[in-house]
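Close look at the chain arrangement
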Amino acid sequence: MIASSRSPLTIVVHLSVLLLVALWTLPTAGLLISSLRDKDQLAVSGWWTALSTSSQNLTGRAASPEAQVEKDGKFVITGDLLEGGDAKVSAFGFRPLQPAAFEAGKAADIGDGQTLTVNEDGSYEIVSPTKMEGTRGQRIFYTASVPPRFTLDNYREVLSAAGIGSSFLNSLTVAIPSTIIPILVAAFCAYALAWMPFPGRAILIAVIVGLLVVPLQMSLIPLLRLYNGVGAFFGVPAKTYVGIWLAHMGFGLPLAVYLLRNYMAGLPREIMESARVDGASDFDIFVKIILPLSFPALASFAIFQFLWTWNDLLVAMVFLGTGNDELVLTGRLVNLLGSRGGNWEILTASAFITIVVPLIVFFSLQRYLVRGLLAGSVKGG
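1. Things to note about the overall build of the protein
Secondary structure summary: the protein contains 14 helices and 9 strands in total. Taking 2.2 N^0.38 as the reference for a compact globule, 381 residues should give roughly 21 Å; the C-alpha atoms of the protein span a radius of gyration of 32 Å, well beyond that estimate. C-alpha extents for the protein along the principal axes are approximately 110 × 75 × 30 Å. Residue pairs at least 24 apart in sequence account for 72% of intrachain contacts in the protein once pairs closer than 6 positions are excluded. For the protein, the exposed surface amounts to about 22,500 Å²; the carbon and sulfur share of it is 64%. The average position of the 26 basic charges and that of the 26 acidic charges among the side chains of the protein differ by 11 Å.

Spelled out as structure tokens, the structure:
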């Protein structure tokens, strides 16, 4: 009989995993909740208060004097600040510096013998002994307790913005080839470095490892100048989809080759030797044996490469441009937010719109990702 007891180390590992999951999940959950909240509530309280009533300082304007009616020798203007909403007014005022000078239901003297009364349900009444003049209504400042409000207006505003559809297609046009091309090239290169002996192979592997530490920002401008020079020589326009595909391929190849080479080098040598005995060439071995066995590693890199190219903004702006016809989704959303980025409701909704496609890719390939991570950890007897 085997006793099933958990060691303290196992408990610590499980708790650490739970902590990491919580650290990753809570911000995402907060972003989702914020994207569904009313923009006025989002501006005054955090997402963790989404289910509680919030107190907001609001501003309204009474009806113009044209709406006044005469009652019992006095002129009266009535209306509703909340427009039939379910909020409750606790205090009000008629000066910006004193927005809560009077309790709801009490009459406030606003001058010239006129009184203003704002009730808890948002209804107001302005009473004047003489006929009121002018064309603009009285400004009313009030504090209201607003219950939780959830809406899809934030998503409607983002999705209805001009150019979102074309930018979405531009992002797909950039991300899909920029993921497939590096994988194809890196797979051939990784097989050669893993199973085909040739002079200088070790030096080439060292160079690839060294390229992993080169920052993208350092190589961006020299690569662009080189590409522009080659394009001018062959008469090819500078900013095209081919250019950004080649750029993403160049930036992604070192990591792809390094990961795939290490994975392929760990495959059983006996399989390749048996295939060579049967007369298979290197190309046959690569296509019929290596690629099927390496699919978990290929899928794992495809996930990370697609996430990077889909969320990229810097490379897209440099190699593709910022025109309306070339702008990718991330660039379009940046323009939608404006230079100050103060529209939180648009920001949160935009964030979830951009991760829809990456989530589909991740959940479609996650089983291969797990197999790639666990490859070689379990041996059968």
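From this point, the discussion proceeds with the structure in view.
2. Overview of the sheet that holds strand 4 (residues 88-93)
The antiparallel open sheet is built from 4 strands, whose spatial order is 1-9-4-5. The open sheet has two free edges, formed respectively by strand 1 (54-61) and strand 5 (102-103), since each of these has just one partner strand. Note: strand 1 against strand 9 (residues 139-146), 8 bridges, orientation antiparallel. Looking across to strand 9, one finds that Ser 54 is bridged to Val 146.

3. Let's talk about the environment of Ile 360
Note that Ile 360 resides in helix 14 (residues 356-374). Separated by 175 residues in sequence, Ile 360 and Val 185 place their C-alpha atoms 25 Å apart.

4. Quick word on the nonpolar core
Grouped together as the largest cluster of nonpolar side chains are 28 residues, with contacts concentrated most on Tyr 191, Trp 195, Leu 260, Met 264, Met 272, Ile 285 and Ile 290. Looking at this core, the elements that each hand over two or more residues are helix 4 (164-195), helix 5 (201-211), helix 7 (241-265), helix 8 (269-277), helix 9 (282-293) and helix 10 (295-311). Residues within four places of Ile 285 in sequence aside, it is in contact with Tyr 191, Met 272, Ala 275, Arg 276, Ala 280 and Ile 290. With 20 residues, the next largest nonpolar core counts Leu 82, Ala 87, Phe 94 and Ile 126 among its residues.

5. Overview of a negative patch on the surface
Where like charges cluster on the molecular surface, the negative patch consists of Asp 80, Glu 83, Glu 120 and Asp 121. You can see Asp 80 is positioned in strand 3 (residues 74-80). For Asp 80, a relative accessible area of 33% corresponds to the partly exposed category.

6. Side note on the pattern of salt bridges
Taken as a whole and assessed by the stated rule, the structure comprises 3 salt bridges. As a salt-bridge pair, Arg 276 and Asp 282 come within 3.0 Å of each other at their nearest N and O atoms. Asp 282 gets classed as partly exposed once you look at its relative accessible area, which sits at 30%.

7. Topic: the sheet that holds strand 6 (residues 107-111)
If you trace the 5 strands from one edge of the open sheet to the other, you get 2-3-8-7-6, paired in antiparallel fashion. Taken across any chain shown, the strands that pair with only one partner, and hence form the sheet edges, are strand 2 (69-71) and strand 6. Neighbour-to-neighbour, the strand axes of this sheet turn through a mean angle of 30°, independent of strand direction. In terms of strand pairing, strand 3 meets strand 8 (residues 123-128) through 6 bridges, oriented antiparallel. In the sheet register, Phe 75 faces strand 8, and the bridge partner there is Ser 128.

8. Let's talk about the environment of Met 317
With respect to the secondary-structure elements, Met 317 resides in helix 11 (residues 314-319). Residues Met 317 and Ile 244, spaced 73 residues apart in sequence, show a C-alpha to C-alpha distance of 9.5 Å. The contacts of Met 317, once residues within four sequence positions are left out, are Lys 239 and Thr 322.

9. A look at unusual backbone geometry
A positive phi angle, close to 55°, is found at Asp 72, a residue other than glycine. As for its position among the elements, Asp 72 is in the loop between strand 2 and strand 3.

10. Quick notes on the side chain of Thr 330
Its location among the elements puts Thr 330 in helix 12 (residues 329-337). What makes Thr 330 buried here is its relative accessible area of 14%. Within the structure, Thr 330 has its side chain in polar contact with the backbone oxygen of Asp 312 (distance 3.1 Å). Not counting residues up to four positions away in its chain, the partners in contact with Thr 330 are Trp 310, Asn 311, Asp 312 and Leu 313.

Thresholds applied
Residues numbered from 1 in each chain as written. Predicted model: local features only at pLDDT ≥ 70, side-chain atom pairs only at ≥ 80, totals over all residues. Heavy atoms only, no water. Helix = DSSP H or I, 4+ residues; strand = E, 2+ residues; numbered from the N terminus. Rg over C-alpha atoms; globule rule 2.2 N^0.38 Å. Contact = heavy atoms within 4.5 Å. Areas by Shrake-Rupley, 256 points an atom, 1.4 Å probe, with all protein chains shown as cover. Lys, Arg positive; Asp, Glu negative; His and termini not counted. Charge placed at Lys NZ, Arg CZ, Asp CG, Glu CD. Pairing = 2+ DSSP bridges. Core = buried A, V, L, I, M, F, W, Y, C linked by side-chain atoms within 4.5 Å. Buried < 20%, exposed > 50% of the residue type's maximum accessible area, 1.4 Å probe, protein only. Patch = residues over 30% accessible without salt bridge, like charges linked within 9 Å, V, L, I, M, F, W, Y side chains within 5 Å. Salt bridge = Lys/Arg side-chain N within 4 Å of Asp/Glu carboxyl O. Axes fitted to C-alpha atoms, helices over the stretch in contact; angles between N-to-C directions. Polar contact = N/O pair within 3.5 Å; in protein donor to acceptor, adjacent residues only side chain to side chain.

Functional significance is not addressed by these values, which are geometric in nature.
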